[in-house]
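So you can see what is in the structure, the chains are spelled out below.
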Amino acid sequence: MKLVRAYKTELAPDDAQLASLYRHAGAARFAYNWGLEWKSNVHLFNLLPHPRLKTPSAVDLHRELTRLKKGKLSWLYEVSKCAPQEALRDLDAAFSNFFGHRTGFPNFKSRKKRGVGSFTLYGAIRVRPGEVRLPRIGWVRLKERGYIPSRAHIKSVTVSERAKRWYVAVNVVVEERKELLPPHGPLVGVDRGLNSLAVISDGTVLENPRALRRYERKLRHLQRNLSRKRKGSSNRRKAREALARLNLRVRNTRLDAIQKFTTMLAKIKPVIVVEDLDVKNMMGNHHLARAIADAAWGEISRQLLYKTRWYGSTLITADRWYPSTKRCSRCGHMKDGGLPIEERVFHCEACSLVADRDLNAARNLAEWPGVARTLEMPVEGGVQSTAEPLIQPPGESGTISLGRGPRRWMS
Ligand SMILES: [Zn+2]
């Protein structure tokens, strides 16, 4: 079976290339909005008791766009035809999500509100150390050498902008190894943390990178700074740009830690049990720390899903009603009511266990009764024993320092 794996890294374009990147993103945005207008008109018309019109597909729209290119849209000749074409395909996907009741009606892409955006290219894409060749744009330098495999079968690239930095995601086709040997070792449960990013049932804690604390202070400072600047002034624009750059750095630092953590887990743990996340429940959360933890957790479980496939391990989701927070992981006693969010420690009234709240939940996940049903084969090493006392606050033994420590688990 073939899998597509994305390698994302930062571009270092020269001025001419930069102008072309903006043009391509502009063409993609234009095509998307142009197609959206057309499709929504048809959609509105079809709500009335008329004979129904056929909604134009990406193919129809692209044909029409190519016709217009010969006339008033001649500027589209300056960009690869893939950029508008792929944007129209995205639009098709946005509409089928809407009709499948998965999302709301597609929005127009406004540069002011949603940024420069992104575009996708197919065709003659080449990679050599430190450079990538993009159709119509040429060889563009990369800020990082050797990350993208140079002899890979490249399917497409997606180029995107964020805070004036440009990134390329190279989508590489890889053959899924058939006889993948799952890693050895005990099954583990993983719970999202509140103070940390995640906690593993064996006591390992994924800490928030230390750099984040420093950044977050600076973030607050910049935010205050921005609110003091006069609206429309160039100082306000500068403050906003500084804030956007810092936001990006915070996000990248957190993502970097998450990448290493999920790779490590998928590589060395044969079976990983996580809790089901109720998306609706999460979105309604106004508690800021919780919201950030939820976002990080969403990313962790998304990455675990594909990385367990790469490395031959198995990801199991415990059902949503399993009370992993309320249950005592040593004696199975259930607490009445829930454990309030500010309660950091789990106290068991029945067996007097005292354990970190997230660790207790992670151990419960490792003992989820549905695991045996989900797994076809027995797990070597069995389920982690929980007989020993659990007084092990996160941050002491077993802490992985991913903030600035050695890159032990880089893939
Ligand atoms: Zn107990």
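All values reported here derive from a predicted model rather than from experimental measurement.

Rules and cut-offs
Residues numbered from 1 in each chain as written. Predicted model: local features only at pLDDT ≥ 70, side-chain atom pairs only at ≥ 80, totals over all residues. Heavy atoms only, no water. Helix = DSSP H or I, 4+ residues; strand = E, 2+ residues; numbered from the N terminus. Contact = heavy atoms within 4.5 Å. Areas by Shrake-Rupley, 256 points an atom, 1.4 Å probe, with all protein chains shown as cover. Pairing = 2+ DSSP bridges. pLDDT = per-residue confidence, 0-100. Donors = N, O, S within 2.8 Å, 3.2 Å for Na, K, Ca; no water. Tetrahedral: all angles 85-135°; square planar, octahedral: opposite > 155°, others 65-115°. Buried < 20%, exposed > 50% of the residue type's maximum accessible area, 1.4 Å probe, protein only. Core = buried A, V, L, I, M, F, W, Y, C linked by side-chain atoms within 4.5 Å. Axes fitted to C-alpha atoms, helices over the stretch in contact; angles between N-to-C directions.

**Description of the overall build of the protein chain**
Here comes step 1: In terms of regular secondary structure, the protein chain is built from 10 helices and 15 strands.
Here comes step 2: Sequence-distant contacts in the protein chain: of pairs separated by 6 or more residues, those separated by 24 or more amount to 69%.
Here comes step 3: Accessible area for the protein chain stands at about 23,100 Å²; split by element, carbon and sulfur atoms hold 52% of it.

**Regarding the pairing of strand 1 (residues 2-12)**
Here comes step 1: In this sheet, strand 7 (residues 165-175) lies alongside strand 1 in antiparallel orientation, the contact comprising nine bridges. Counterpart to Val-4 in the pairing with strand 7 is Val-173.
Here comes step 2: The sheet contact formed by strand 1 and strand 5 (residues 138-142) spans two bridges and is antiparallel. Residue pairing for strand 5: Ala-12 is matched across the bridge by Arg-141.

**Examining the confidence of the model for the protein chain**
Reading predicted coordinates in detail is not appropriate for stretches of low pLDDT.
Here comes step 1: For the protein chain, mean pLDDT is 81; residues scoring 70 or higher make up 85% of the total.
Here comes step 2: Low confidence marks residues 377-411, where pLDDT is under 50. Its contacts with residues over four positions away, or in another chain, come to 76 contacts.

**Comments concerning the coordination of the zinc ion**
Here comes step 1: Coordination of the zinc ion by the protein involves Cys-328 (SG), Cys-331 (SG), Cys-348 (SG) and Cys-351 (SG), with metal-donor separations of 2.3 Å.
Here comes step 2: Around the zinc ion, the four donor atoms sit at angles spanning 107 to 111 degrees, and that spread fits a shape best called tetrahedral.
Here comes step 3: On the primary sequence, the residues serving as donors to the zinc ion are separated as C-x2-C-x16-C-x2-C. Residue Cys-328 is located in the loop between strand 12 (314-318) and strand 13 (345-347), and its partner Cys-348 is located in the loop between strand 13 and strand 14 (354-356); the two are separated by 20 residues in the primary sequence. With respect to class, Cys-328 is no different from Cys-348; both count as buried.

**A closer look at the nonpolar core**
Here comes step 1: Core analysis: the biggest nonpolar cluster contains 42 residues, and Leu-11, Phe-119, Val-132, Leu-134, Val-159 and Trp-166 have the highest contact counts within it.
Here comes step 2: With eight residues, the top contributor of residues to this core is helix 1 (residues 15-47).
Here comes step 3: Apart from residues no more than four positions distant in its own chain, Val-132 is found in contact with Leu-11, Ile-125, Arg-126, Val-127, Gly-138, Trp-139, Val-140 and Leu-142.
Here comes step 4: Counting residues in hydrophobic clusters, the runner-up holds 18 residues, among them Val-188, Phe-261, Ile-272 and Val-274.

**Some details on unusual backbone geometry**
Here comes step 1: A positive phi angle is found at Arg-136, which is not glycine, with a value near 70 degrees.
Here comes step 2: The residue Arg-136 is located in the loop between strand 4 (131-134) and strand 5 in this model.
Here comes step 3: Phi angles above zero are rare outside glycine, and Ala-163 is one such case at about 50 degrees.
Here comes step 4: With respect to the secondary-structure elements, Ala-163 resides in the loop between strand 6 (153-162) and strand 7.
Here comes step 5: Judged by its relative accessible area of 25%, Ala-163 is partly exposed.

**Points about the pairing of strand 6**
Here comes step 1: Summarising the sheet, strand 2 (residues 118-121) and strand 6 pair through four bridges and their orientation is antiparallel. In the sheet register, Leu-121 faces strand 6, and the bridge partner there is Val-157.
Here comes step 2: Note: strand 6 against strand 7, nine bridges, orientation antiparallel. Pairing of Ser-156 across the sheet is with Asn-171, part of strand 7.
Here comes step 3: Taking the residues between adjacent antiparallel strands as the criterion, strand 6 and strand 7 are bridged by two residues, where Ala-163 takes a positive phi near 50 degrees.

**A short note on the sheet that holds strand 2**
Here comes step 1: Strand order in the open sheet formed by seven strands is 2-6-7-1-5-4-3, and the pairing between neighbours is antiparallel. The open sheet has two edge strands with one neighbour each: strand 2 and strand 3 (126-128). The average undirected angle you get between the axes of adjacent strands in this sheet is 30 degrees.
Here comes step 2: Relative to strand 4, strand 3 runs antiparallel, the two sharing three bridges. Among the inter-strand pairings, Arg-126 is bridged to a residue of strand 4, identified as Arg-133.
Here comes step 3: Lying on the sheet, helix 1 is in contact with strand 1, strand 2, strand 5, strand 6 and strand 7; it crosses strand 2 at an angle near 95 degrees.

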